[in-house]
Every structure is written in structure tokens, then in C-alpha cells.
Amino acid sequence: KQKESSTAHRMMMQRTQLLLPLAMEATVLAQQQRGMATLKMISMRLKSVKNIQKITQSMKMVSAAKYARAERDLKAARPYGIGAQQFFEKTEIQADEKAEPKKLLIAVTSDRGLCGAVHTGVARLIRGELAQDEANTKVFCVGDKSRAILSRLYGKNILMVANEVGRLPPTFLDASKIANEVMQAGYDYTEGKIVYNRFKSVVSYQCSTLPIYSGDTVEKSEKLAVYDSLDSDVVKSYLEFSLASLIFYTMKEGACSEQSSRMTAMDNASKNAGEMIDKLTLTFNRTRQAVITRELIEIISGAAALT
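Residues numbered from 1 in each chain as written. Predicted model: local features only at pLDDT ≥ 70, side-chain atom pairs only at ≥ 80, totals over all residues. Heavy atoms only, no water.

**Student:** What should I look at first to understand the pattern of salt bridges in this one?
**Tutor:** Pairs can form between side chains of opposite charge once their charged atoms are near each other. Counted according to the given criterion, the structure contains nine salt bridges. Across the pair Arg78 and Glu253 runs a salt bridge, and its minimum N-O distance is 3.4 Å. With Arg78 in helix 1 (residues 2-91) and Glu253 in helix 6 (residues 232-306), this residue pair connects regions lying 175 residues apart in the sequence. Classification of Arg78 as partly exposed rests on a relative accessible area of 29%. The shortest N-O distance in the salt bridge between Arg147 and Asp144 comes to 2.8 Å. Taken together, the positions of Arg147 and Asp144, both in helix 3 (residues 144-154) and three residues apart, correspond to about one turn of that helix. The class for Arg147 is partly exposed, based on a relative accessible area of 28%. Sharing partners across several salt bridges, the network here consists of Lys60, Asp267 and Lys271. (Salt bridge = Lys/Arg side-chain N within 4 Å of Asp/Glu carboxyl O. Helix = DSSP H or I, 4+ residues; strand = E, 2+ residues; numbered from the N terminus. Buried < 20%, exposed > 50% of the residue type's maximum accessible area, 1.4 Å probe, protein only.)

**Student:** Looking at this structure, how should I read the sheet that holds strand 2 (residues 137-142)?
**Tutor:** Sheets are built from strands paired through backbone hydrogen bonds, the pairs being either parallel or antiparallel. Strand order across the open sheet formed by five strands is 3-2-1-4-5, with mixed pairing between neighbours. Of all strands in the sheet, those bounded by a partner on one side alone are strand 3 (158-162) and strand 5 (204-213). Pairs of neighbouring strands in the sheet enclose a mean axial angle of 20°, with direction left out of account. Examined bridge by bridge, strand 2 and strand 3 share four bridges and lie parallel to one another. Directly across from Val139, in strand 3, lies its bridge partner Ile158. (Pairing = 2+ DSSP bridges. Axes fitted to C-alpha atoms, helices over the stretch in contact; angles between N-to-C directions.)

Here is the structure:
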């Protein structure tokens with residue numbers, strides 16, 4: 001029995017001596033693969049962030065060029081808006097309180113994003129108006145972004161949507177088509193507002209509104225008599241032109257605000273990407289150094305065990 005037990009013990013020791021190097025080699029290989037996998041993931045993420053930074057820097061340069069043009073166009077378009085506003089201010093037009101209130105809100109946005117809170121600010125103001133009187137208020141969306149935000153809660157209140165806005169600089173022809181659709185939409189509103197972003201400076205804009213009124217409301221104004229030779233056809237023609245002028249002016253204001261906001265947003269995104277690249281580079285170097293150190297320790301330990 002003692003001989004059998006000693007023989008079994010000897011065979012176990014031999015098997016252990018044979019399997020121990022294989023186990024150590026497998027452990028070392030697994031650790032190396034784990035370290036290389038981590039390095040590969042960090043390297044792939046670093047490459048993707050660098051590509052994103054290139055895109056944001058390019059978009060910033062493009063937005064800067066478009067902003068310079070939009071600011072020049074805005075200076076030329078401001079007389080349209082100022083002239084149309086003065087008519088409503090001097091005649092002191094007010095909605096008829098006895099009539100059933102019907103409001104129309106024109107949301108001036110665009111189809112393009114990546115420009116900060118330009119579109120959400122307009123949608124937030126309109127949501128506040130709809131929360132007060134949802135039943136008697138309709139929304140005309142200029143640009144797909146306002147439709148996408150408002151359709152989640154107030155899809156039934158959207159009267160019409162004008163797409164393909166923002167890809168090219170807005171023109172008076174675009175504003176005239178939108179004004180024509182508003183007039184022929186079949187919604188007899190008593191008063192309304194154009195909600196837009198008013199450009200203030202390169203880094204700031206303000207969400208503002210401009211009042212609009214229907215032909216019947218304007219004709220009932222007491223101070224309309226200060227203008228000579230005004231009949232219903234002249235008032236109708238002027239209201240169509242003034243609505244187109246106001247929409248053109250607000251679209252120019254919105255386009256300039258959008259380009260300046262996109263330029264700022266892309267600049268911030270490029271800076272954030274740069275900070276992320278620095279952190280990932282530091283993590284990559286530390287991980288690579290740890291892998292090399294571990295491999296050196298394993299080599300030295302193996303050499304020491306053999307000696």
C-alpha cells in the first residue's frame with residue numbers, strides 16, 4: 001500500500017510539473033490579450049473623437065462664412081419688418097373682445113439642427129401659449145424642427161408645415177409663398193403672433209413675437225381713418241404684403257441667429273472634443289505602460305524561477 005501511494009504521489013507531482021508551465025503560459029497570454037483589448041478599445045475611441053473634432057471644426061468654419069452673409073442680408077431686410085410694424089402701432093389695432101378669440105401662431109424655425117437652443121426656445125414659447133388656450137389656437141410651422149417638437153403634445157393644433165427651410169438663405173419669394181398659404185389656409189383668425197429669434201449679437205439672441213391681425217380686425221380699427229382712400233381691397237392687399245414682409249424679416253432674423261448659435265455650438269463641441277482627446281491619450285499611455293510593466297515583471301519572475 002505504501003508503494004502504491006508513493007507511486008501515485010510521484011505521478012501527481014510529474015503531472016503538476018507538466019501542467020504548471022502550460023497554466024502559467026495561458027494566464028500570461030490571457031492578461032496580454034486583456035491589456036491589448038483595452039488598448040484597442042481606447043485607440044478606436046480616440047480615433048472616433050478625433051474624426052468628430054474634424055467635423056465640428058469644419059462646421060464651425062462653414063457657419064462662420066454663412067453667418068457673415070446672413071448678417072449682411074439681415075441689415076437689408078430690417079426696413080421690411082420695421083415698416084410693417086409701424087402701421088400696426090400707429091393704427092393701434094386691437095382684437096375684438098366680443099368676437100370668439102381665434103389665435104394663429106407662426107413658428108419661424110428651420111429644418112437643420114446642431115445649433116443650440118434656437119428651435120427649442122421658439123417651441124417653448126408656443127407651448128406656453130397653447131397651454132393657456134389650446135382649443136382656439138392653431139400653429140403654422142415654418143421649418144420641420146418646430147413641427148417635430150410640437151407634434152408630440154399638440155399635433156392636432158398644427159395647421160400646416162413649410163419644409164425645406166434653412167438649407168439656403170431665405171428670400172422674399174419664400175416668405176410670399178408662406179404668407180399666401182397662411183391667407184388661404186381657411187382659418188379665420190382674429191389675432192396672431194409670429195414667434196421668432198431676434199438676433200442681438202454673435203453670442204446672444206432673444207425669442208420674440210410680432211403681432212399680426214386679420215382683415216376684419218384691421219377694418220374695425222378707429223384710427224384707420226387717418227389714412228385716406230382706404231377700402232377693403234387696399235387693406236387686403238396691404239395686409240398680404242405686410243404679412244410677407246414680416247415673415248421675410250423674421251426668417252432673416254432667425255437665419256442669422258441660427259448661424260451664430262451653430263458657430264458657437266460647434267466651437268464648444270470642438271473644445272470638448274479636444275479635452276476628451278487629451279484624457280483618452282493619457283489613459284492610453286498609462287494602460288500601455290501598465291501592460292509593458294506587467295510583461296517585464298512576468299519575464300523577470302520566470303527567469304528567477306528557472307535559476
